[in-house]
Amino acid sequence: MAGWPGGAAVNLSRRVAFVAAALAIWPSGPPALAQQPDTAAPPRRIRARVDSIPVQGGVYNRPFLASVGRTAVGGYAEGNTNYFRQDGVSEGFNMELRRFNVFLFSSIGSRIRFISELEFEDGAEEIALETALIDFIVNPSFVLRAGVLLPPIGAFNVNHDSPRWDFVERPLVSTEIIPATLSEVGFGAHGRLFPRGFTVTYDAYLSNGLGDGVILNDAGRTRLASGKGTGLVSGDNNGRPAVSGRLGLQRRNLGEIGLSYYRGTYNTFEVEGLEVDVKRSVRLAAVDVNTEIHSVSLRGELAFAWIDVPVELADIFGERQWGMHLDAVVPLFRPRIRGLTDPVVSAIGRIERVDFNRGTFASTGDPIGDEIDAFTLGLSFRPAAGTVFKANYRHESIRDLQGNVPAKRAGFQFGLATYF
């Protein structure tokens, strides 16, 4: 290493050692983003990119800023500016640093890998350990996993990093019907199979599950998102683990479709051996898709929820919920900017709907409202694969429980999200 300063030579050897270790343990190669995709040769035509990494690999498909020994450090940040009016009333501009997340990856021997993510939300007002899991690789088709994991309900919960999305807001179905981001302590197994021309992924886990907040919350309705996060430290509230699983089918250059399911008991039905309530469960089923038609990248999710609620809360607290979203990203042009290899400007659009209480009132037979319909239009600019500037116009129609004339909420949003 003649001509190299001593410190530089040591750093280079450490980086080479880390890359070699990562290559040795990765079932199908290291994560794409970690390979600096912004330096790749530009495609022959303007087109959207269908990610060749299955949804299952989303937790590892990230860039890392630096490595020391066998551990790598990375993260992402997200900031937004919002201006909304609802029925003619506005609170003006609102600027926020929504998220600053740091993650660590480490290869421990040839078959063990560890990854964690520490999340700082709303300017560090909320700090949470989102992921801290360890994988033991028996072989690519069977990997044992344990720790604070992301149950694979749909695609978004395990693939939600802001730099991957061209929209400022997360999909309503993925945050209200599916309570993403949902982190639970648990264990299970996952793997990949490779039949001719396809990649098949599976995930199956047991975890602590949702808590009493599903019903006992300030929303005045059944809200699954209010039941998350109770069992990360103190344990489960009822001693009945939830089961979750996802089956994904992917074909290169065509995209991926996934089916997922979640079931668990959410309420505290027993205290010191004394039964205080009947067991009440929540069930979720979801379909997710990620594909490309010509130059249009399409990504969407459809989810249904069934919740056992007390009889006295019927009508007001929904027993059945559903929601969906469909995103379209259309690359418009690739500007020539010095220092940037492959920047792209895209037009974006999203339609979405959530129904928090499907069905009719038992007393009158009239349809129950409590619904939101929304659409988003805008532009995005990606100077590099892991950085995106977003300009969105969002419009929402909100119906109350009685289904009255919907309130209108609309406004502009500007955002920035980047890996680092």
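In this report, we go over the structure that sits alongside the text.

## Quick word on the pairing of strand 15 (residues 320-333)
Link 1 in the chain: With 10 bridges joining them, strand 14 (residues 296-307) and strand 15 adopt antiparallel strand pairing. From the neighbouring strand, phenylalanine 304 faces strand 15, where its bridge partner is tryptophan 322.
Link 2 in the chain: Bridge count between strand 15 and strand 16 (residues 344-355): 11 bridges; the pairing is antiparallel. What sits directly across from methionine 324, in strand 16, is arginine 353.

## Digging into the packing of aromatic side chains
Link 1 in the chain: Summed over the entire model, instances satisfying the criterion amount to 14 aromatic pairs.
Link 2 in the chain: Arranged with centres 6.3 Å apart and planes meeting at 20°, the rings of phenylalanine 304 and tryptophan 322 form a pair that is stacked. Highlighted residues: phenylalanine 304 in strand 14 and tryptophan 322 in strand 15, separated in sequence by 18 residues.
Link 3 in the chain: Each ring, one from phenylalanine 381 and one from phenylalanine 389, has its centre 6.2 Å from the other, and the planes form 25°; the classification is stacked.

## Describing the nonpolar core
Link 1 in the chain: Core analysis: the largest hydrophobic core is formed by 24 residues, its most contacted members being Ile177, Leu210, Leu224, Tyr262 and Ile307.
Link 2 in the chain: Counting residues per element, the ones that place at least two in this core are helix 2 (172-177), strand 13 (281-293) and strand 14.
Link 3 in the chain: The next biggest cluster of nonpolar side chains, apart from the first, holds 12 residues, and it includes Val59, Ala72, Phe105 and Leu149.

## Here's the deal with a nonpolar patch on the surface
Link 1 in the chain: A contiguous nonpolar patch, built from Leu249, Ile257, Leu259, Val287, Val289 and Leu302 and spanning about 440 Å² of accessible area, is present on the exposed surface.
Link 2 in the chain: Tracing the backbone through its elements, the reader meets isoleucine 257 in strand 10 (residues 255-265).
Link 3 in the chain: Residue classification places isoleucine 257 among the partly exposed positions, given a relative accessible area of 41%.

Conventions adopted
Along each chain, the written sequence defines residue order, and numbers are assigned to residues from 1. This being a predicted model, a pLDDT of at least 70 is required before a residue's local features are given, and a value of 80 or more before pairs of side-chain atoms are given or counted; all residues contribute to the totals for chains, interfaces and linings. Just so you know, side-chain values use all the structure's heavy atoms and leave hydrogens and water out. Strands were regarded as paired on the criterion that DSSP finds at least two bridges between them. Per the convention used, a helix needs a DSSP run of H or I reaching at least four residues, while a strand needs a run of E reaching at least two, with both numbered from the N terminus. Any Phe, Tyr or Trp ring, taking Trp's six-membered ring, that has another such ring centre within 6.5 Å forms a pair; planes under 30 degrees apart are called stacked, those over 60 apart edge-to-face, and the others tilted. In plain words, nonpolar cores are sets of buried Ala, Val, Leu, Ile, Met, Phe, Trp, Tyr and Cys residues tied together by side-chain atoms within 4.5 Å. Categorising residues by exposure relies on relative accessible area from a 1.4 Å probe, with only protein chains included: less than 20% of the type maximum marks a residue as buried, more than 50% marks it as exposed, and the intermediate range marks it as partly exposed. Patch membership needs two things, relative accessible area over 30% and no salt bridge, and members are linked within 9 Å if like-charged or within 5 Å if nonpolar (Val, Leu, Ile, Met, Phe, Trp, Tyr). We get accessible surface area from the Shrake-Rupley algorithm with a probe of 1.4 Å; when it comes to residues, only the shown protein chains can shield them. Note on definitions: salt bridges are taken to be side-chain nitrogens of Lys or Arg within 4 Å of carboxyl oxygens of Asp or Glu.

Shape descriptors only; they carry no functional weight alone.
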